[in-house]
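So the chains spell out like this:
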Amino acid sequence: LTILWVATDNCGNVDSCTQVVYVVDTTAPVLLDCDTLIVIACDSFYTKESQSGLSPRLPSADDNCDPDPDVRYRYLGSSGTWPCNYVERVAIWAEDRCGNISDTCYQVLMLVDTVAPVLACPDSAVYQCGPGSIGMAFPSATDNCSDPQVKLIDERREDSTCFGSYRWVTVWEAVDGCGNADTC
């Protein structure tokens, strides 16, 4: 900003000078409400098929001169296995138009799976007494984050009061990659 100063006395003598005013921004922006731990549920967005970078929760920033400073981030690395115990670390900072940079906020993004797989057991079956084998139907399982393992955890024969009749009971369990389980 340049200001021209002019002084005139009562006799009409004039003198002038110019003043140059510089406005300098040396104040860094400030991050507002930067969460340091973000827990993200493994759901329909972060699935076993996606296995891509998690999205940080970016804070807003305030600056004394710039009404809209840029908030930026950079991935610092990851650890663990998808989707259990999977963690990504992110550095977040703000920069105003003058190049002033805020303090850095470090955010930990943690993916968790607390949802048990869905186990679908076959319907009960009735077999007639006589020679031949009894067929066993197997259940199926699905999970939101990993491929569940299905296993037989109990089977027992329950005899009936009618000679030769009995009930064969099976108990199945599906366990996902994070240890969440369902039985039927």
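The structure displayed is predicted, hence computed values, not measured ones.

Description of the sheet that holds strand β8 (residues 105-112)
Overall, mixed pairing links the four strands, which are arranged β4-β8-β7-β6 in an open sheet. Among the strands making up the open sheet, the edge pair consists of β4 (37-41) and β6 (70-79). Across the sheet, the mean angle separating the axes of adjacent strands is 25 degrees when strand polarity is ignored. In this structure, β4 lies alongside β8, joined through five bridges in parallel fashion. What sits directly across from valine 39, in β8, is methionine 110.

Things to note about the packing of aromatic side chains
Within the structure shown, the criterion is met by two aromatic pairs. Centroid distance tyrosine 73 to tyrosine 75: 5.8 Å. Interplanar angle 85 degrees. Geometry classified as edge-to-face. Judged by relative accessible area, which is 39%, tyrosine 73 ranks as partly exposed. By relative accessible area, tyrosine 75 is classed as partly exposed at 37%. Judged by centre distance (5.6 Å) and plane angle (70 degrees), the ring pair of phenylalanine 138 and tryptophan 172 falls under edge-to-face. Here phenylalanine 138, found in the loop between β9 (118-120) and β10 (140-142), pairs with tryptophan 172, found in strand β12 (residues 166-175); they are 34 residues apart in sequence, far enough to count as distant. The residue whose ring lies beneath arginine 157 is tyrosine 166, and the NZ or CZ to ring-centre distance is 3.8 Å.

Focus on the sheet that holds strand β13 (residues 181-183)
With respect to topology, three strands assemble into an open sheet ordered β11-β12-β13, the strand pairing being antiparallel. Whereas interior strands pair on both sides, the edge strands pair on one side only; in this sheet they are β11 (149-159) and β13. For this sheet the average axis-to-axis angle between neighbouring strands, irrespective of direction, equals 15 degrees. Alignment of β11 against β12, held across ten bridges, turns out to be antiparallel. For arginine 156, the partnering residue across the bridge sits in β12 and is valine 169.

Some words on the nonpolar core
Nonpolar side chains in soluble globular proteins tend to end up buried together. Core analysis: the largest hydrophobic core is formed by 16 residues, its most contacted members being Leu31, Ile40, Leu54, Ile92, Leu109 and Leu111. The element that contributes the greatest number of residues to this core is strand β7 (residues 86-95), accounting for four residues. Contacts of leucine 31, omitting those with residues within four sequence positions, involve Pro59, Ser60, Ala61, Val71, Ile92, Trp93, Ala94, Ser102, Asp103 and Cys105.

Side note on the pattern of salt bridges
In the structure shown here, the tally under the stated rule is eight salt bridges. In this structure, arginine 156 engages glutamate 158 in a salt bridge whose closest nitrogen and oxygen atoms are separated by 3.3 Å. What emerges from the salt-bridge pattern is a single network uniting Asp154, Arg156, Glu158 and Arg167.

Reading the values: the criteria
- Residues numbered from 1 in each chain as written.
- Predicted model: local features only at pLDDT ≥ 70, side-chain atom pairs only at ≥ 80, totals over all residues.
- Heavy atoms only, no water.
- Pairing = 2+ DSSP bridges.
- Helix = DSSP H or I, 4+ residues; strand = E, 2+ residues; numbered from the N terminus.
- Axes fitted to C-alpha atoms, helices over the stretch in contact; angles between N-to-C directions.
- Phe/Tyr/Trp six-rings, centres within 6.5 Å; stacked < 30°, edge-to-face > 60°.
- Buried < 20%, exposed > 50% of the residue type's maximum accessible area, 1.4 Å probe, protein only.
- Lys NZ or Arg CZ within 6 Å of the ring centre and 35° of its normal.
- Core = buried A, V, L, I, M, F, W, Y, C linked by side-chain atoms within 4.5 Å.
- Contact = heavy atoms within 4.5 Å.
- Salt bridge = Lys/Arg side-chain N within 4 Å of Asp/Glu carboxyl O.

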